[in-house]
Amino acid sequence: MKNRKKRRPGSAAALISAVMLFFFLAFLLLAIKEMSLQCFMMALVVPGIIFVGSAGIPKLFPADRLLLSLTNFLCALGVLVLYRLSPERGLAQAVNYGVGVVCMILCTLLVRYLSDWKLPAALMLLGSVLLLALPLLMRAEERNGARNWVYIGSYSFQPSEIVKLALLLCIAYLLSNRKVIVSIAFAGVCLLCLMLQKDLGTALLYYAVTLVMLYAATGSHLLIGAGLAGGAGAAVMGYQMFAHVKKRVAIWLNPWADVEGDGYQLVQGLIAMVNGGAWGVGLGLGNASVIPYYYNDFIFAVVVHEFGWIFGLIVLAMYAFIVIRGVMIARRARTAFHALLAVGCAALIALQTFVIIGGNIKLIPLTGVTLPFISYGGTSLVSSLCIIGLLQGVASRNEADVSEDRELAMQGGDLK
Amino acid sequence: MKKLRRNIRALTFFLCGLFVLLAAYGAYSLSTSGGRWFASSANTYARARRQGVIAGDILDKNGVVLATTRDGERVYAGDEAVRRAVAHAVGMPSGNVSNGVETFMASYLYGFNMSFLERLSCAVKGEPRQGDAVQLTLDSAISRYAASRFPAGKAGAVVVMNYKTGEVLALQSFPNFDPMNITAQVRNDPQTPFLNRATQSLKAPGSTFKIVTAAAALENFPDAETRAYQCTGQLQVGDRVITDAGTDLAAGQITRHGQLTLRRAFQVSCNNTFAQIALNLTDPTLRRTAENMGFNDNFLFRDLVVENSSYPTQNRTDREIAWTGAGQSALTATPMHMCLIASAVANDGVMMEPALLQRATAQNGKTRYVFSPRVYRRAMKAETAATLKEYMRSVVTSGTGTQAAVAGANVCGKTGSAEIDTQENTNAWFVGFLDEADAPYALAIVVEDAGGGGSVAAPIARDIFNWLLENDR
Ligand SMILES: [Zn+2]
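The rules behind each value
- Residues numbered from 1 in each chain as written.
- Chains lettered and ligands numbered in written order.
- Predicted model: local features only at pLDDT ≥ 70, side-chain atom pairs only at ≥ 80, totals over all residues.
- Heavy atoms only, no water.
- Pairing = 2+ DSSP bridges.
- Helix = DSSP H or I, 4+ residues; strand = E, 2+ residues; numbered from the N terminus.
- Axes fitted to C-alpha atoms, helices over the stretch in contact; angles between N-to-C directions.
- Parallel < 35°, antiparallel > 145°, perpendicular 65-115°, else oblique.
- Left-handed = near helix turned anticlockwise from the far one by under 90°.
- Contact = heavy atoms within 4.5 Å.
- Nonpolar A, V, L, I, M, F, W, Y, C, P; charged D, E, K, R; others polar.
- Donors = N, O, S within 2.8 Å, 3.2 Å for Na, K, Ca; no water.
- Tetrahedral: all angles 85-135°; square planar, octahedral: opposite > 155°, others 65-115°.
- Buried < 20%, exposed > 50% of the residue type's maximum accessible area, 1.4 Å probe, protein only.
- Salt bridge = Lys/Arg side-chain N within 4 Å of Asp/Glu carboxyl O.
- Core = buried A, V, L, I, M, F, W, Y, C linked by side-chain atoms within 4.5 Å.
- Disulfide = S-S within 2.5 Å.
- Buried area = accessible area lost by both parts, 1.4 Å probe.
- Polar contact = N/O pair within 3.5 Å; in protein donor to acceptor, adjacent residues only side chain to side chain.

A. The sheet that holds strand E17 (residues 411-418) of chain B, seen in detail. Residue and element names in this part refer to chain B. Across the sheet, five strands lie side by side as E8-E7-E19-E18-E17; this open sheet has antiparallel pairing. Taken across any chain shown, the strands that pair with only one partner, and hence form the sheet edges, are strand E8 (168-174) and E17. For this sheet the average axis-to-axis angle between neighbouring strands, irrespective of direction, equals 5°. In the sheet, strand E7 (residues 156-162) pairs with E8 via six bridges, with the strands oriented antiparallel. Bridging across to E8, Met161 finds its partner in Val168.

Okay, here's the thing in structure tokens:
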């Protein structure tokens, strides 16, 4: 048995306090600048959520504190940046953040205590297909060329964000039971629905995550090769079929061809980042709101604009840490289901971050997926936090298993 | 489980690789293109932030003031002829000339590079912030002279550069304008005086492109120099006939060169031979040589924005390929790029990156930037360059470019007369250089809609070379 180093809660507590202080001061600064009572309230509420989200949870069950602190930092950063540019959105995001933390805890508990996933997986399988088909059935209006929202009264949500979680759980369950064909079929149906909704960014994510999980489960190069070939074929088909894909690719190749028209968003995003320089123009001093959809598609550009590219790199490193942490959790998992679930969660966060930041910096064509934790959007923030919740669930199971082992060892029990 | 863990470990590298890719690409594009994004006219933030900063001076290489700020007003050189001669290179803050120094180097001129401490010190002292002074590689005297030699009323461009270092001495477009006196007439001129033709105007390079075709032949045919070609004056390619300059089929007048070598064909600029060479080379080979010289590349020069030249890749019929060998067809390049190609021949095949910024100096005397020569790419083998240099010398001694000759100096060059569908006359081109160790200058001249390169552009080149030899060696 590996004798694992005991974590020092002291350093984690210092990190969490630093994060809380950072956001307290940042909101205080904005409050003084704007002379706004509401903003002053935010200076108290946001650190409060951070406290619950990162320091409170480990009191309930064993959890990965570093993972929690980083996640909470990014969420609070989103609230801060959004609040500064548009207080209503910032306020809404703070509420989403609070709801998200609760959902995160629920997800953790689910993974921690639920052992038999057979029935839930079957229900989720059905539910996801129905949910994904919903926007198509409801004949909702197109938004940015995609039809991926469901409206119920004044309330709207994106089914694909919720199904993301089901996808991770179902594929992990199916693959852990060696049902490769069924899992491919399930992912295929989801992809088809997304393609019909023209939500190609999310389709790309689903596809890539499924491929990653397939590789983890089978390690088959043949399967992955076939998957990549199929993906390439679908990409070419998508390019031929959808005018807005062609347009996106053309913008990606040369956004400067039409600076005032089609290329405007990307060009303004690039300019905003370069204007930020190394240290940023300063919180509350930028003009990033000139970028269309700055609050979700281009939130990373806003962060770089106001805080500089050095900070942008730090944010990137935080995502990388979250992912590495996730993969570590996966490797420590005791069952194939939990390992696959954790690696799927980590991969989803990594791929989603890559797809949207890559689009922002013109590495790949821009697709309308959100930046996990930071982008504005209730469904997206909640589902990102739920993914962390799932990861935490696996982590807490690992910890519980380890301590169980330890007890067994102390009782003189035989280990494997 | 073991296999699963191993697969997960492999995936760790893939997932981390994504982040490394993001960081690396971000750093790369910020360092190579960041300046361009910043200088873009779409950058409303930077324009707003210029308020309250006194823009720095712009000087030429000898310290002549080309632009300065007096009582909050931007004023340009005292001599109108100088103002006009450097108008496109210097540009104006309003950005009516795209990517002039005034906008492209705004990060220096408006002090965007000032550190936090410098800003603080200005604030404490209560002084207004002053941007950096920018010294250019331009020589206002040669620019002024070159402008005086350019035919009045014609459109075109002149580029003069040092081929050993890449320093640009003159970067001119015609018609030019006086930045101190922008009238409605200038604004509405159909000849578009604000367009910088030296860097932005993509046109067929005509016979000056034969430098590239000849280089391809020299590098791909072992017997390139001895092979004999037949010029009948009419080369049937597909359903069209390729003819030489001076041919008028309707009047029954046909230029024929008979049997000739590559060297002779280059001297007399025989379309017929170069069309055959292009067909013999095949399109991919000629294209590779052209791409080695910068065609189809995304020019990301640090100091200059130059439109990308293109070697066509679509609809490559034999007729198109044949005409490409002679520099026509859909092929396009800027005068700046053709000057770079001549420079590469002069500089043993090494193409230097064109430079415009000599030095940037902060208000407090701190040097923020000093020029050092940068290689853009190796355009051809040194032997190829040596042979081409001889060919280009022979063009001036006994070919189409004799009017560029300067007594007692090794002038090398290539003429071009590019046909443009919409124009009555051809565009007159001359690209060349002085093969003199103490006067390493290359130039490119285009006079649009004016006639033959040998008769219109070459004499201007001669005068500029002459001036450089007398004043700048
Ligand atoms: Zn001929």
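B. Representation of the packing of helix H8 (residues 140-149) of chain B against helix H18 (residues 453-471) of chain B. Residue and element names in this part refer to chain B. Taken N-terminus to C-terminus, the directions of H8 and H18 make an angle of 155°; their axes are 10 Å apart at the nearest point. Here H18 runs roughly antiparallel to H8, going by the angle between their axes. Here H8 and H18 pass one another in a crossing that is right-handed. Residues Ala141, Ile142, Tyr145, Ala146 and Arg149 of H8 lie in contact with H18, whose contacting residues are Ile460, Asp463, Ile464, Trp467 and Leu468. Residue composition of the contact of H8 with H18, grouped by class: eight nonpolar, no polar and two charged.

C. Expanded view of the coordination of the zinc ion. All names here are of chain B. Taken together, the protein donors to the zinc ion comprise Cys231 (SG), Asp244 (OD), His257 (ND1) and Cys270 (SG), at separations of 2.0 to 2.3 Å. Taken together, the four donor atoms coordinating the zinc ion span angles of 98 to 116° at the metal, a pattern that classifies the geometry as tetrahedral. Linear spacing of the donor residues for the zinc ion on their chain is C-x12-D-x12-H-x12-C. Separated by 26 residues along the polypeptide, Cys231 in strand E9 (residues 229-231) and His257 in the loop between strand E11 (240-243) and strand E12 (258-260) bring together distant segments of the chain.

D. Seen up close, the environment of Val241 of chain B. Residue and element names in this part refer to chain B. Structurally, Val241 can be placed in strand E11. Among the residues examined, Val241 registers a relative accessible area of 28% and is labelled partly exposed. Between the C-alpha atoms of Val241 and Gly454, which are 213 residues apart in sequence, the distance is 24 Å. Beyond its immediate sequence surroundings of up to four residues, Val241 is in contact with Gln234, Leu235 and Gln236.

E. Expanded view of the pattern of salt bridges. For the structure on display, the rule yields 20 salt bridges over all chains. Glu161 of chain A serves as the salt-bridge partner of Lys164 of chain A, at 2.8 Å between the closest nitrogen and oxygen. Of the two residues, Lys164 of chain A and Glu161 of chain A both sit in helix H6 (residues 159-176), three residues apart, roughly one turn of that helix. Ionic pairing is found between Asp283 of chain B and Arg316 of chain B, a salt bridge with its closest N-O pair at 2.9 Å. Note that Asp283 of chain B is positioned in helix H14 (residues 283-292) and Arg316 of chain B in the loop between H14 and helix H15 (318-325), a separation of 33 residues in sequence. Neither residue differs from the other here; Asp283 of chain B and Arg316 of chain B are each classed as buried. Look at the salt bridges and you will find they share partners, linking Arg149, Arg462 and Asp463 of chain B into a network.

F. Looking closely at the nonpolar core. Counting residues in each nonpolar core, the largest one holds 248 residues, and the members touching the most others are Leu77, Tyr97, Leu341 and Phe373 of chain A together with Phe295 of chain B. At 18 residues, the largest contribution of residues to this core is made by helix H12 (residues 299-332) of chain A. The contacts of Phe295 of chain B, once residues within four sequence positions are left out, are Phe209, Val212, Ala290, Ser309, Ser310, Tyr311, Leu331, Thr332, Ala333, His337, Met338 and Ile341 of chain B. Ranked by size, the runner-up nonpolar core spans 32 residues in total, among them Ala404, Ala457, Phe465 and Trp467 of chain B.

G. Representation of the state of the cysteines. Enumeration according to the criterion identifies zero disulfides over all chains in this entry. The thiol of Cys345 of chain A is not disulfide-bonded; the next cysteine sulfur, from Cys107 of chain A, is found 9.0 Å away. The exposure class of Cys345 of chain A is buried, given its relative accessible area of 0%. There is no disulfide at Cys16 of chain B, and the cysteine sulfur nearest it, in Cys345 of chain A, is 16 Å away. For Cys16 of chain B, a relative accessible area of 23% translates into the label partly exposed.

H. Just the interface of chain B and chain A, in detail. Facing 31 residues of chain B, the contacting portion of chain A comprises 48 residues. Carbon and sulfur atoms supply 77% of the area buried between chain B and chain A, which totals about 3,200 Å² over both sides. Contact with chain A buries area across many residues of chain B, yet Phe19, Leu22 and Trp37 of chain B alone supply 22% of it, more than any other trio. One can count zero salt bridges joining chain B with chain A. For the pair chain B and chain A, the interface holds eight residue pairs in polar contact (both at pLDDT 80 or more). Listing elements by their share of the side of chain B that touches chain A, those giving two or more residues are helix H1 (2-39) and helix H2 (44-49) of chain B. Taken together, the residues of the side of chain B that touches chain A break down into 20 nonpolar, eight polar and three charged.

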